[in-house]
Amino acid sequence: MKNKVNSFFVHLELVVMALLVLIPIVWIVLSAFNPGNGLATSSLVPKSLTLKNFSRLFTETNYRQWFMNSLTIAVLNTIFSVALVLVTAWIMSRFKFKGKKTSLMAILLLSMFPTFLSMTALYTLFLNFGLLDKPVALTIIYVAGAIPYNVWLVKGYLDGLPKEVDEAAYIDGCSYFMTFRKIILPLSKPIITYCAVSQFMMPWMDYILPNMLLSSDTSKTLAVGLYGLITGRENTNFTMFAAGAVIIAVPITILFIIFQKYLVQGIAAGANKG
Amino acid sequence: MKKKVSSVILSCIFWGSGQFFIAKKKIRGLLFFAAQVLLLAIELLSGYWFNWFAGEIAHFDIGTYGGYFTKGLWGLFTLGTTPGVGGDHSTLLLINGILTLMALLVFVGIYVWNIRDAYKLGRQLDETGTIAAVPSRIKRRKAFPYLVLLPIGIIIALVVFMPIVFSVLTAFTNYDANHMPPGQLVSWVGLKNFFKLFNVPIWSQTFFGVLIWTVVWAVCATFSTYFLGLFQALILNSRHVKHRGIFQTIYILPWAIPGMITLLVFRNLLNGQFGPLNQFLMNIHLIKDRIPFLTDPTIAKVSVILVNLWMGFPQFMVMLLGVMSNQDASLYEAAEIDGANKMQVFSYIKLPLLTRATAPLIVMNFAANFNAFGAIYFLTNGGPTNPSYQFAGDTDILISWIYKLTLNQHMYSMAAVMNILIFAFIAAVSIWNFRRTNAFKEM
């Protein structure tokens, strides 16, 4: 009897919690298919469903362009930051050289300074080199910004791999880069996955830097474009925003759930720094 | 004369000459000498020094006629002297000044290395009469890390380090809306901005008001998500639960959905005028007037913490579930055999173990919440505006206030002062956290 009562309350809590989580999500998804335009005119539960918001999104705004800008940045950022982080971490983990401790401490300090705090300097720097309003140029900031934190993370992971394996490879006549490619890369797949996925997901929703460095509507990224859709115009563009939000949130959410295991490991390792 | 002395003296004047003439290390000597030639060539060719030597310039002024390095340093120290359009651009001068200083430091480094190397070679000659040849394999092995890290180091120096230096230096200038290049000049003001922050009432009042709320926010945001995550993890782990996988997947959704989207959705959901939540509560006659979820100072503060709770609990829940599945159940059984009841087992054994396992994560989460720009800005824009504050709203935390000062008010110098303070705080917390970890002890 007591068991049944307990079981009932446990499940009651689980269901209530699930509803609290699901209601806002269901609401925004339904809003994307809602025939009304604004927050006030669109009913809470739509009476009919329509794809009008999606077609408006692609005809009346530069959504397609924003999406492509973000995608380009995300892909370039993933490739370059993962490559640079891995190589740096490998050197830091496997080689002894003068100044190693100093440089490790230096990048640790640098990783604590949020990129966002240096935005005025980055603006002036971009102005100086004529890079303003060029979405691809943002990649440089993302890649450089990703190095300090992730190098510590990956170095911690590589330190945990036995050094004997790569020494054996050297004795067998492998060059440095051959050992890196044949031994280190395959062994560090989990941490590479974490870096790649997190670096891919990050630029999609970064708002501050693109908002500051990109000004024309066609060079915007998705986050800036979406934010612009609703600020002050909740009542004319809300359902269109909902459609845009759903299009981008669905793939990112799926990506997250697929790679959940790696992301959890990566975050835990980050907190413990390896 | 001893060879180490003559070698050092030669290398002090002409870089690499000690290596070249005394130790007969021809290539090394030439390389050092090339660095010196490069330094002088850049300076002389980019300036008007030759014209000055020829007497063609009557009033020599470094700002106009200097070479790359002297001009850069001049810009860094003066931040420009000619106001007006077409005059000096102070912030560009500042950036160029920092770049020059960094380049000069590299050359100073090479110079010092050159002298030390000359001394070492000379001493070896004095003591043994010859210089031991180092096998090229070992040389390559030594040089390899530096060669690979060099380009990466340059990128970090330019894109990460340089902006930080710029940001720190801005705190000591009067860079604001009234001193905006091009057109107007920026100048150094020393510690004036720091005094302003602490002594001018409207600034200090805003700063401490916002700081207190930032700390309250960070503490509430961190612990509310931690405890809800813990509670939810314990419930999911209960032996009564059926379909655990389904529930767990549902609970992960708030973490998986991009944060910015969630915040913008809640901004609309809680909208005081048209928001569906108000509409719903009115329809079921629970309330008569709309609740200003995001526009009343107190209610808005509660709202941001609750929305953050919605977004943040899954992370801790998943982390704690992971820790729990790795724990040894025999520990709890032993306690129960010793006569502890369930409550005691939980509060004396389970909770301390879980907290210890997740402590670094809590600290990291706290530091992240301290700087959680999006959680505030996308939801309330920092509002409602507080009239007794300097350009800040009631829910503004330091970082969103800095953002407003920078983007809306163009008060770059005051924003930079706050940047320094935030950085000091975050660095202190993170280093304290880091010093207790294994990575630090092994280093």
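From a predicted model like this one, the values you see are computed outputs, not experimental measurements. (Residues numbered from 1 in each chain as written. Chains lettered and ligands numbered in written order. Predicted model: local features only at pLDDT ≥ 70, side-chain atom pairs only at ≥ 80, totals over all residues.)

**Things to note about the overall build of chain A**
Helix and strand counts for chain A come out as 13 helices and zero strands. When the helices and strands of chain A are placed in sequence order, the string is α-α-α-α-α-α-α-α-α-α-α-α-α. For 274 residues, the compact-globule estimate of 2.2 N^0.38 gives 19 Å, and chain A exceeds it by more than 25% at 24 Å. Overall size of chain A, expressed as C-alpha extent along the three principal axes, is 75 × 70 × 30 Å. (Helix = DSSP H or I, 4+ residues; strand = E, 2+ residues; numbered from the N terminus. Rg over C-alpha atoms; globule rule 2.2 N^0.38 Å.)

**A closer look at the overall build of chain B**
A count of helices and strands for chain B gives 20 helices and zero strands. Oriented by its inertia axes, the alpha-carbon framework of chain B measures out at about 95 × 65 × 35 Å. Relative to its 443 residues, chain B shows a buried fraction of 35%. Restricting to contacts in chain B with at least 6 residues of sequence separation, those with at least 24 account for 60%. (Buried ≥ 20, exposed ≤ 12 C-beta atoms within 10 Å, placed from the backbone. Contact = placed C-beta atoms within 7 Å.)

**Section: the domain arrangement of chain A**
Residues and elements named next belong to chain A. Structurally, chain A comprises domain 1 (2-54) and domain 2 (57-272). Look at where the C-alpha atoms of domain 1 and domain 2 centre, and you get two points 33 Å apart. Counting from both sides, the interface comprises 13 residues of domain 1 and, opposite them, 12 residues of domain 2. Elements supplying a minimum of two residues to the side of domain 1 that touches domain 2: helix 1 (2-32) and helix 2 (52-60). (Domains from an automatic or database assignment.)

**Some points on the domain arrangement of chain B**
All names here are of chain B. Taken domain by domain, chain B consists of domain 1 (3-190) and domain 2 (193-442). For domain 1 versus domain 2, the distance between C-alpha centres works out to 46 Å. By residue class, the composition of the side of domain 1 that touches domain 2 is six nonpolar, four polar and one charged. (Nonpolar A, V, L, I, M, F, W, Y, C, P; charged D, E, K, R; others polar.)

**Quick word on the packing of helix 10 (residues 201-237) of chain B against helix 14 (residues 297-325) of chain B**
Residue and element names in this part refer to chain B. At a minimum axis distance of 6 Å, the contact between helix 10 and helix 14 shows a crossing angle of 50 degrees. As the angle between them shows, helix 10 and helix 14 are arranged oblique. In this structure, helix 10 meets helix 14 at a crossing whose hand is right-handed. Contact residues: helix 10 offers Cys 220, Ala 221, Ser 224, Thr 225, Tyr 226, Leu 228, Gly 229, Leu 230, Gln 232, Ala 233, Leu 236 and Asn 237, while helix 14 offers Ile 305, Asn 308, Leu 309, Gly 312, Phe 313, Gln 315, Phe 316, Met 317, Leu 320, Leu 321 and Met 324. Residues that form the contact of helix 10 with helix 14 fall into these classes: 15 nonpolar, eight polar and no charged. (Axes fitted to C-alpha atoms, helices over the stretch in contact; angles between N-to-C directions. Parallel < 35°, antiparallel > 145°, perpendicular 65-115°, else oblique. Left-handed = near helix turned anticlockwise from the far one by under 90°.)

**Brief notes about the confidence of the model for chain B**
Residue and element names in this part refer to chain B. With 98% of its residues at a pLDDT of 70 or more, chain B shows a mean pLDDT of 87. Confidence scores differ between elements of chain B, with helix 20 (residues 438-442) showing the lowest mean pLDDT of 59 and helix 10 the highest of 93. For this predicted complex, the interface confidence reaches an ipTM of 0.90, while the overall pTM sits at 0.87. (pLDDT = per-residue confidence, 0-100.)

**With respect to the nonpolar core**
By size, the foremost hydrophobic cluster in this structure holds 129 residues, and its most contacted members are A:Val85, A:Val154, A:Ala245 and B:Leu379. Among the elements that make up this core, the one with the highest residue count is helix 6 (residues 138-159) of chain A (14 residues). Those residues within four positions of A:Ala245 in sequence are excluded, and the remaining contacts are A:Ile28, A:Leu226, B:Ile261, B:Leu264 and B:Val265. With 19 residues, the next largest nonpolar core counts B:Phe247, B:Val318, B:Leu361 and B:Phe370 among its residues. (Core = buried A, V, L, I, M, F, W, Y, C linked by C-beta atoms within 7 Å.)

**Description of unusual backbone geometry**
All names here are of chain B. Phi at Leu 79 takes a positive value of approximately 55 degrees, unusual for a residue other than glycine. With a phi angle near 60 degrees, Phe 391 is a residue other than glycine that sits in the positive phi range. Considering the arrangement of structural elements, one finds Phe 391 in the loop between helix 17 (373-380) and helix 18 (398-407).

**Side note on the interface of chain A and chain B**
Between chain A and chain B, the contact holds 70 residues from the first and 66 residues from the second. At the level of elements, helix 1, helix 3 (63-94), helix 4 (100-111), helix 5 (119-128), helix 6, helix 11 (222-230), helix 12 (234-258) and helix 13 (260-272) of chain A are the ones that each hand at least two residues to the side of chain A that touches chain B. Looking at which element gives the most residues to the side of chain A that touches chain B, the answer is helix 1 of chain A, with 13 residues. Of the residues belonging to the side of chain A that touches chain B, the class tally is 52 nonpolar, 14 polar and four charged.

**Re helix 17 of chain B**
All names here are of chain B. Counted residue by residue, helix 17 has seven buried out of eight residues, so it is predominantly covered. Elements in contact with the buried residues of helix 17: helix 12 (259-269), helix 14 and helix 18. Looking one or two places after helix 17, you find Asn 381, whose phi comes out positive at around 60 degrees.

**Considering the packing of helix 16 (residues 342-370) of chain B against helix 19 (residues 412-435) of chain B**
Residues and elements named next belong to chain B. Here helix 16 crosses helix 19 at 170 degrees, and the two axes come no closer than 10 Å. For the element pair helix 16 / helix 19, the angle class is roughly antiparallel. Counting all contacts with helix 16, which are made through Pro 360, Val 363, Ala 367 and Phe 370, the residues of helix 19 involved are Ile 426, Val 429, Ser 430 and Asn 433.

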